[in-house]
Amino acid sequence: MTEDAVEKPERQLGVAGVLVVGGVLLALTALTYGLHKLPHGAWSLPVALLIAGAKGLLIALFYMHLREQRASNGLVLLTSVVFVAVLLAVCVLETRTRFRPTIPPGPFPVEALPGAMEDPRSARPPEPAGPREP
């Protein structure tokens, strides 16, 4: 067996290390909850993704034991992170460049919908236009 495939006991995490990583994960979760109440504007998505990425990295390194494994597992993790980042970037760029919907011009008047001022539970759909069949 090669030396890369064998787990190294000096890289294993003890009970104290597991508790420290768990405390950091709890602190990041509390930070996420605390920050969602503040207005960030355009920074809300990058901050949320940064915190989520840090939590995911801690879980992958310590609880999934990627820190103790060969370097090829780290390469797989890095490749997956790059692909997720590219997909997120494409989604964000697509939503940022959308056109605003417009109301097409026409001869119709703009009025409130029938039943808008009434109780919504008692509103009925409008009667169909056209001749009724007996």
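For the structure, check the block above.
Okay, so let's go over this structure. Note that the structure is a prediction, hence the values are computed from the model and not measured.

1. Details of the environment of Val92
Line of reasoning, step 1. Of note, Val92 is situated in helix α3 (residues 71-96).
Line of reasoning, step 2. You can call Val92 partly exposed: its relative accessible area is 27%.
Line of reasoning, step 3. The spacing of Val92 and Leu45 is 47 residues in sequence and 9.6 Å in space, taken between C-alpha atoms.

2. Details of the packing of helix α1 (residues 15-35) against helix α2 (residues 44-63)
Line of reasoning, step 1. For the pair α1 and α2, the least separation of the axes is 10 Å and the interaxial angle reads 165°. The angle between α1 and α2 falls in the class roughly antiparallel. The way α1 lies across α2 gives a crossing that is left-handed. The segment α1 lies against α2, with Val18, Val21, Gly22, Val24, Leu25, Leu28, Thr29, Leu31, Thr32 and Leu35 engaging Val47, Ile51, Ala54, Lys55, Leu58, Ile59, Phe62 and Tyr63.
Line of reasoning, step 2. For the contact of α1 with α2, the per-class residue count stands at 14 nonpolar, three polar and one charged.

What counts, and at which threshold
Each chain carries its own residue numbering, running from 1 in the written order of its sequence. In view of the model being predicted, local features appear only for residues whose pLDDT reaches at least 70, and side-chain atom pairs are presented and counted only at 80 or more, with totals across whole chains, interfaces and linings using the full set of residues. To get the side-chain values, take all heavy atoms of the structure and skip hydrogens and water. Under the DSSP-based scheme used, a helix requires at least four consecutive residues in state H or I and a strand at least two consecutive residues in state E, with every element numbered from the N terminus. A 1.4 Å probe rolled over the protein chains alone gives each residue an accessible area, and that area as a share of the maximum for its type sets the label: buried under 20%, exposed over 50%, partly exposed in between. In this analysis an axis means a line fitted to C-alpha atoms, helices contributing only their contacting stretch, and an angle means the value between N-to-C directions, from 0 to 180 degrees. We call two directions roughly parallel when the angle between them is under 35 degrees, roughly antiparallel when it is over 145, roughly perpendicular when it lies between 65 and 115, and oblique otherwise. By convention, the crossing between two helices is left-handed when the near helix turns anticlockwise from the far helix through less than a right angle, and right-handed when the turn is clockwise. Should any heavy atoms of two residues lie within 4.5 Å, those residues are counted as being in contact. Any residue that is not Ala, Val, Leu, Ile, Met, Phe, Trp, Tyr, Cys, Pro, Asp, Glu, Lys or Arg is counted as polar, Gly included; the first ten are nonpolar and the last four charged.

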